[in-house]
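# Summary of structural features
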Amino acid sequence: MADPYQNNIYHQGGADYPPQEEDAASDVTEGHDEEDQMYEGEYQGIPHPDEVKAAQRLHIAAGQSESDHKELSEQYEDIMEDCGHGKFQWTLFIVLGLALMADGVECFVVAFVLPSAEKDLCLSNAEKGMLGLVVFLSMMVGAFLWGGLADKVGRRRCLMVALAINCVFAFLSSFAQGYGFFLFFRLLSGIGIGGTVPIVYSYFSEFLQMDKRGEHLSWLCMFWMIGGIYASFTAWGIIPRYGWGFSMGTEFQFHSWRVFVLVAALPAIASLVGLTFMPESPRFLLENAKHDEAWMILKQVHDTNWRAKGQPEKVFTVTHIKAPKTAEDEFIEIQSATGTPVQRWAVRSLTLCKLVLRNVASLLSAELRFATLFMAIIWFCMAFSYYGLSVWFPDMIKHLQYEEYESKVKVFHGERLANFHFNFSLENQIHREGKYIRDTFVSIEMKSVKFEDSLFEDCHFKDIKSTDTVFENCTIRSTIFYNTDLWEEKFIDCRMENVTFEHNKHGCHLDTMEENDVLIYLVSFLGSLAVLPGNIISALFMEKIGRVKIIGGSMLISAGCTFFLFLSFSQSAIITLQCLFCGVSVAAWNGIEVVTVELYPASKRATAFGVLNALCKLAAVLGSSIFASFVGVTKAIPILLSFAALVCGGLVALKLPDTRQKILQ
């Protein structure tokens, strides 16, 4: 298509420099040859006419580009109003909602499978910590990567590739038998799913008219909550069902928690299938000078909506859309450059990386610098408190349970047992300075049992299953351990004489007893469900109250909620306050995501969202790590940290501009 602005490019901004002849010369240099003219002109600071024309073209092009983008934004808003809000947007809403749901599920998967996976994969505390950490780190990388690419390659294409990566590696992780492969597959799965949030909001916003944007983007946020509920319900229903699995010898085990990992990938698969029927964002196509493709998609949106409303005769009247000339001719030229396919691919990839990094750097340009700084502070403060408390609440509940459990421990001191047959399980007991002569321990379970300074002589241990059981500073003589899981690590500073271990259980084994506390599912379910009222209220009032007031108010109210923890610190109080905190903070999240979409132009929208979402995941790592380190130490520091972060973010949010009546740039 011919450039519509080619003919009038010189008709603007001409007052700065009057037209000059090609070989015009200054009076000072008259009479000299050509070389002398160039030298003396440069020496005396007189610009060459070609330089003047180049500067003039750049100045005019910059003004023309800004004018074109403004005109495109206004025309695009008029077109979306003409297309209306109907069947097409609701279909896209479901498809993109499933992608957002998959992101919500990803945040819960590792937490739910860890109690079973740590037994199945023989995980140490350090390995468990790394597994939890890699989820957010991989999503951080994915957000930055896919957000940047979506502005250069396309929203739909990047989202499909990201979801495909997530599905493939989530599937492979369910079959991984070793810790290394499981960690690697979850890392790649997280990089894939990390791209959903930046792309989904950018993609959906470009099909919405101004008066529908805030409300419907807020409704879309609800799918993250649905993801949490879905993960809680399926984990609760699948993981404790130990019969839902199979094994192939001792080398390949497929337990119920692996079934849950597969089921958790279903929302991503469903969204990926749905995206195959959805078009690319027409706004992205127009930004990249693909006028005809954009026109066809907008006509499809128009016809789909009005046909569903019973008005198929309504005609799409737009004949021409102002598509600005792109400044990325270099990238287009490289695509058709000569060379081997590998060389062309390498050059294209390198150029694409440069374009993405240039786009990231442009977020700190003069016109976007303060918006980026304010949004970075708000995203970081909100994520630091939200994810920090989300980890701290369940950990504190477990700590309170452990303290209550320890308070009920039974202590046996100096007991003497000879020829006694233990045929009952031992739990939460401490045995000090006991003597056990010719005793038998057969087919029992030892849970949280400790023997200290005790003597075992001519005893027989058979078919023993133990959890948190140790022998410390004991003397063991002429004793047989047959088919037990009592390994060397469980005997601390013990003296052994003529002791035999036969058919010991090697490796890690998943217990068939209840291994997963129902509380972990219940707390996550209630926290996700508590989001519903806040989501509904924020969606209904996003346009009436405004994004800025919702963000600032919700963050300040959330800060106040944390102080109630000083008043009561029982398990029920923590669960109640977690629900209250989640219900209020979701309104802030909704407002933050809507404002992020509206503050940035189309060419930088997904990039900005990706950078800010990556910062959010970094804050989540820091918050969860810092808050977890204070469990059982003090409650004051986590409460004060979250309070300070929320107040800081809330006050900064009140400085943001009101974007309710702003046309998407």
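The notes below deal with the structure included here. If you're wondering where the values come from, they're calculated on a predicted model, not measured in any experiment.

Every α-helix carries 3.6 residues per turn, so stepping three or four residues along brings you back to the same face. Of all the nine residues making up helix 9 (residues 256-264), seven are buried; the element is thus mostly covered by neighbouring parts of the structure. Those residues of helix 9 not exposed but buried are Ser256, Trp257, Arg258, Phe260, Val261, Val263 and Ala264.

So, on to the environment of Ser271. Along the chain, the position of Ser271 falls in helix 10 (residues 266-275). Taking relative accessible area as the criterion, Ser271 reaches 0% and is therefore assigned buried. Ignoring anything within four residues of it in the chain, the contact list for Ser271 reads Val95, Leu98, Ala99 and Leu163.

Any two packed helices are characterised by the angle at which their axes cross and by the distance between the axes. Close contact between helix 8 (residues 210-238) and helix 9 brings their axes to 9 Å; oriented N to C, the two are set at 150 degrees. It follows from the interaxial angle that helix 8 and helix 9 lie roughly antiparallel. The chirality of how helix 8 crosses helix 9 is right-handed. Within the contact between the two elements, helix 8 uses Tyr230, Ala231, Thr234, Ala235 and Ile238 and helix 9 uses Ser256, Val259, Phe260, Val263 and Ala264. For the contact of helix 8 with helix 9, the class distribution of residues is eight nonpolar, two polar and no charged.

Turning our attention to the pairing of strand 6 (residues 426-432). Counting buried positions along strand 6 gives five out of seven residues, so the element sits mostly inside the fold. Here four bridges tie strand 3 (residues 410-413) to strand 6, and the two strands are oriented parallel to one another. By the bridge assignment, His413 is partnered in strand 6 with Arg432. Note: strand 6 against strand 9 (residues 445-452), six bridges, orientation parallel. Bridge assignment links Ile430 to a residue of strand 9, and that residue is Lys450.

Reading the values: rules and limits
- Residues numbered from 1 in each chain as written.
- Predicted model: local features only at pLDDT ≥ 70, side-chain atom pairs only at ≥ 80, totals over all residues.
- Heavy atoms only, no water.
- Buried < 20%, exposed > 50% of the residue type's maximum accessible area, 1.4 Å probe, protein only.
- Helix = DSSP H or I, 4+ residues; strand = E, 2+ residues; numbered from the N terminus.
- Contact = heavy atoms within 4.5 Å.
- Axes fitted to C-alpha atoms, helices over the stretch in contact; angles between N-to-C directions.
- Parallel < 35°, antiparallel > 145°, perpendicular 65-115°, else oblique.
- Left-handed = near helix turned anticlockwise from the far one by under 90°.
- Nonpolar A, V, L, I, M, F, W, Y, C, P; charged D, E, K, R; others polar.
- Pairing = 2+ DSSP bridges.

Remember, this is a structural readout, not a statement about activity or role.
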